[in-house]
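Here's the letter readout for the chains.
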Amino acid sequence: AGGLGVVMSAVAQDASAQANQEPRFASLKASKVNLRKGPGLDYPIAWVFRRAGLPVKIIREYESWREITDAEGTKGWVLRTLISGRRTAQVLPWELKKGEPRPQEPLSDWPGRGGSAVAMVEAGVIADIHTCDGSWCSVSVGDYKGYIAQGKLWGVAKGEVLE
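### Overview of the nonpolar core
Okay, step 1: Counting 17 residues, the largest nonpolar core has I129, V139, L153 and V156 as the members making the most contacts within it.
Okay, step 2: Every element with two or more residues in this core is listed here: β8 (88-91), β10 (117-122), β11 (126-133) and β12 (136-141).
Okay, step 3: Other than its neighbours up to four places away in sequence, I129 contacts R87, T88, A89, S138, V139, G155, V156 and L162.
Okay, step 4: Core analysis: the next-biggest nonpolar cluster, separate from the first, contains twelve residues, F49, V56, I68 and I126 among them.

Written as structure tokens, this is what we have:
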């Protein structure tokens, strides 16, 4: 039984190390998050995020601080407690242009080209990710559930599989 405990501990450590790999995606917990110029309360606030659930990429860690970037490339430091492991994605954020109508992407009832649209989702909308197979992600937006091509989402890596 002693040997099994050692194996379980090694597996737990490996899972913990994977969870903390950088860069990795996460989301903001709060509807107001101060983005600082450095890892500490002494650093000035560079930006204030006002969107709970916004997907972010963690690119570096320092003590209880995480350096993050958003879909627009805004970078800075936030306290670890303001970040959630909940996976979300932004639909086509790179398609947003000031003063132009927001492009729309179908939320399909089936992964692949053969599905029917359940709803049309505007660029910039945040979707909750349920699973991804490396090509398509099962997501929900409000009360709608369906599939969006993984390449149309910011918040999940190219080819990343989420179960």
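### Some words on the side chain of D70
Okay, step 1: Mapped onto the elements of the fold, D70 is located in the loop between β5 (65-69) and β6 (75-79).
Okay, step 2: For the buried D70, no salt bridge is present, and the opposite-charge side chain at shortest range is R51, 8.7 Å distant.
Okay, step 3: A distance of 3.0 Å separates a polar atom in the side chain of D70 from the backbone nitrogen of E72.
Okay, step 4: One polar contact links the side chain of D70 to the main-chain amide nitrogen of T74, over a distance of 2.9 Å.
Okay, step 5: Every residue in contact with D70, bar those within four places of it in the chain, is listed here: F49, L54, P55 and W154.

### Concerning the layout of surface pockets
Okay, step 1: Estimates place the volume of the largest pocket at around 410 Å³.
Okay, step 2: Around the largest pocket sit 18 residues that line it, and R51, E72, Q90, L96 and R102 are the ones nearest its centre.
Okay, step 3: Considering each element in turn, the lining of the largest pocket owes the most residues, three residues, to strand β3 (residues 45-49).
Okay, step 4: For the lining of the largest pocket, a count of residues per class yields seven nonpolar, three polar and eight charged.

### Here's the deal with the state of the cysteines
Okay, step 1: Enumeration over the complete set of coordinates arrives at one disulfide.
Okay, step 2: Two residues share a disulfide in this structure: C132 and C137, whose sulfurs sit 2.0 Å from each other. Disulfide C132-C137: the torsion about the S-S bond is 105°, which places it as right-handed.
Okay, step 3: Exposure remark for C132: the relative accessible area of 3% places this residue in the buried category.
Okay, step 4: What makes C137 buried here is its relative accessible area of 0%.

The rules behind these values
- Residues numbered from 1 in each chain as written.
- Predicted model: local features only at pLDDT ≥ 70, side-chain atom pairs only at ≥ 80, totals over all residues.
- Heavy atoms only, no water.
- Core = buried A, V, L, I, M, F, W, Y, C linked by side-chain atoms within 4.5 Å.
- Buried < 20%, exposed > 50% of the residue type's maximum accessible area, 1.4 Å probe, protein only.
- Helix = DSSP H or I, 4+ residues; strand = E, 2+ residues; numbered from the N terminus.
- Contact = heavy atoms within 4.5 Å.
- Lys, Arg positive; Asp, Glu negative; His and termini not counted.
- Salt bridge = Lys/Arg side-chain N within 4 Å of Asp/Glu carboxyl O.
- Polar contact = N/O pair within 3.5 Å; in protein donor to acceptor, adjacent residues only side chain to side chain.
- 1 Å grid on protein atoms, 1.4 Å probe; cavity = no way out; pocket = protein on both sides within 12 Å on 5 of 7 lines; lining within 4 Å.
- Points joined across faces, edges and corners; volume = space filled by probe spheres on them.
- Nonpolar A, V, L, I, M, F, W, Y, C, P; charged D, E, K, R; others polar.
- Disulfide = S-S within 2.5 Å.

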